[in-house]
Amino acid sequence: DAGVTQSPTHLIKTRGQQVTLRCSPKSGHDTVSWYQQALGQGPQFIFQYYEEEERQRGNFPDRFSGHQFPNYSSELNVNALLLGDSALYLCASNYLQGPLYEQYFGPGTRLTVT
Amino acid sequence: RKEVEQDPGPFNVPEGATVAFNCTYSNSASQSFFWYRQDCRKEPKLLMSVYSSGNEDGRFTAQLNRASQYISLLIRDSKLSDSATYLCVVGSARQLTFGSGTQLTVLP
């Protein structure tokens with residue numbers, strides 16, 4: 001049983017560009033959350049998707065948007081990249097009605113903006 | 001003020017030492033509490049949930065004081081393999097809020 005998978009593993013972009021990150025949840029999970037982890041910091045919640053809709057959102061600008069597909073996989077899009085967007089982007093999945101501790105993280109995508 | 005605050009660290013301790021991490025949270029409506037472990041350049045992984053009655057898992061003991069909004073993690077008989085960053089995590093409204101983490105290095 002595959003856990004949470006993310007692609008790509010690493011990515012280098014230039015300021016002003018746009019990027020799309022992808023996540024496949026653990027089998028049986030219907031909810032996907034995205035987090036941004038800057039160097040030396042804990043993960044910060046970006047948003048959560050369930051039933052193809054954004055259910056909750058953290059304190060991130062509209063440049064950050066997402067999508068969930070019928071198969072529960074998800075994408076995170078970031079427009080007009082800034083140097084400060086360089087971070088590890090983590091995807092986590094869980095079953096909405098399940099306990100919070102059953103939220104599993106993917107290995108992350110390391111984004112570098114130059 | 002950050003929602004979840006942890007000891008800044010880093011902690012460097014010899015093998016066999018006992019080390020304690022502390023954490024405070026600001027949202028009194030928080031419903032669930034966890035400690036996660038994160039190895040260098042890896043994803044966070046759940047170490048243990050934290051309950052008001054306190055709970056123990058082998059060498060690890062977690063405590064929660066809701067009145068003081070305080071969470072702790074005690075690691076006894078530290079092993080080299082315990083070297084990692086320990087993240088204090090608070091859950092509410094089906095969302096996890098992470099502290100900045102405390103780095104632990106166990107020295108031989």
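Residues numbered from 1 in each chain as written. Chains lettered and ligands numbered in written order. Predicted model: local features only at pLDDT ≥ 70, side-chain atom pairs only at ≥ 80, totals over all residues. Heavy atoms only, no water.

**Q** Where do I start with the side chain of Ser 93 of chain A in this structure?
**A** All names here are of chain A. Looking at the element boundaries, Ser 93 is found in strand β9 (residues 87-94). Given the relative accessible area of 0%, Ser 93 is considered buried. At 3.1 Å, the side chain of Ser 93 and the backbone nitrogen of Lys 26 are in polar contact. There is a polar contact of 2.7 Å between the side chain of Ser 93 and the side chain of His 29. Other than its neighbours up to four places away in sequence, Ser 93 contacts Val 4, Pro 25, Lys 26, His 29, Thr 31, Val 32, Glu 102, Gln 103 and Tyr 104. (Helix = DSSP H or I, 4+ residues; strand = E, 2+ residues; numbered from the N terminus. Buried < 20%, exposed > 50% of the residue type's maximum accessible area, 1.4 Å probe, protein only. Polar contact = N/O pair within 3.5 Å; in protein donor to acceptor, adjacent residues only side chain to side chain. Contact = heavy atoms within 4.5 Å.)

**Q** What should I look at first to understand the sheet that holds strand β1 (residues 4-6) of chain B in this one?
**A** Strand pairing in a sheet relies on backbone hydrogen bonds. The paired strands run either parallel or antiparallel. Residues and elements named next belong to chain B. Judged by pairing direction, the sheet is antiparallel, and its 5 strands sit side by side in the order β1-β3-β8-β7-β6 without closing on themselves. Of all strands in the sheet, those bounded by a partner on one side alone are β1 and β6 (55-57). Sheet twist, expressed as the mean angle between neighbouring strand axes with direction ignored, is 15°. Relative to strand β8 (residues 70-75), strand β7 (residues 60-65) runs antiparallel, the two sharing 6 bridges. (Pairing = 2+ DSSP bridges. Axes fitted to C-alpha atoms, helices over the stretch in contact; angles between N-to-C directions.)

**Q** Which parts of the structure should I look at to understand the confidence of the model for chain B?
**A** Atomic detail in the predicted coordinates should be set aside for any region of low pLDDT. Looking at chain B as a whole, its pLDDT mean stands at 93, while 99% of the residues score no less than 70. By mean pLDDT, the top-scoring element of chain B is strand β2 (residues 11-14) of chain B (97), and the lowest-scoring one is strand β10 (residues 95-98) of chain B (90). (pLDDT = per-residue confidence, 0-100.)

**Q** Sorry, what's going on with the layout of surface pockets here?
**A** Think of a ball as big as a water molecule: rolled over the atoms, this probe shows where empty space is left. In this structure, the largest pocket spans a volume of roughly 630 Å³. If you trace the largest pocket, you find 30 residues lining it, with Gln 37, Leu 39 and Gly 40 of chain A together with Gln 38 and Thr 85 of chain B closest to the centre. Contributing elements (two or more residues each) for the lining of the largest pocket: β9 and β11 (109-113) of chain A together with β9 (84-92) and β11 (102-107) of chain B. Tallied by class, residues from the lining of the largest pocket come to 11 nonpolar, 15 polar and 4 charged. Approximately 450 Å³ is the volume attributed to the second largest pocket. Together, 20 residues line the second largest pocket, and Pro 43 and Gln 44 of chain A together with Glu 3, Thr 97 and Phe 98 of chain B are the ones closest to its centre. Taken together, the elements giving at least two residues each to the lining of the second largest pocket come down to β4 (31-37) and β5 (44-50) of chain A together with β10 of chain B. (1 Å grid on protein atoms, 1.4 Å probe; cavity = no way out; pocket = protein on both sides within 12 Å on 5 of 7 lines; lining within 4 Å. Points joined across faces, edges and corners; volume = space filled by probe spheres on them. Nonpolar A, V, L, I, M, F, W, Y, C, P; charged D, E, K, R; others polar.)

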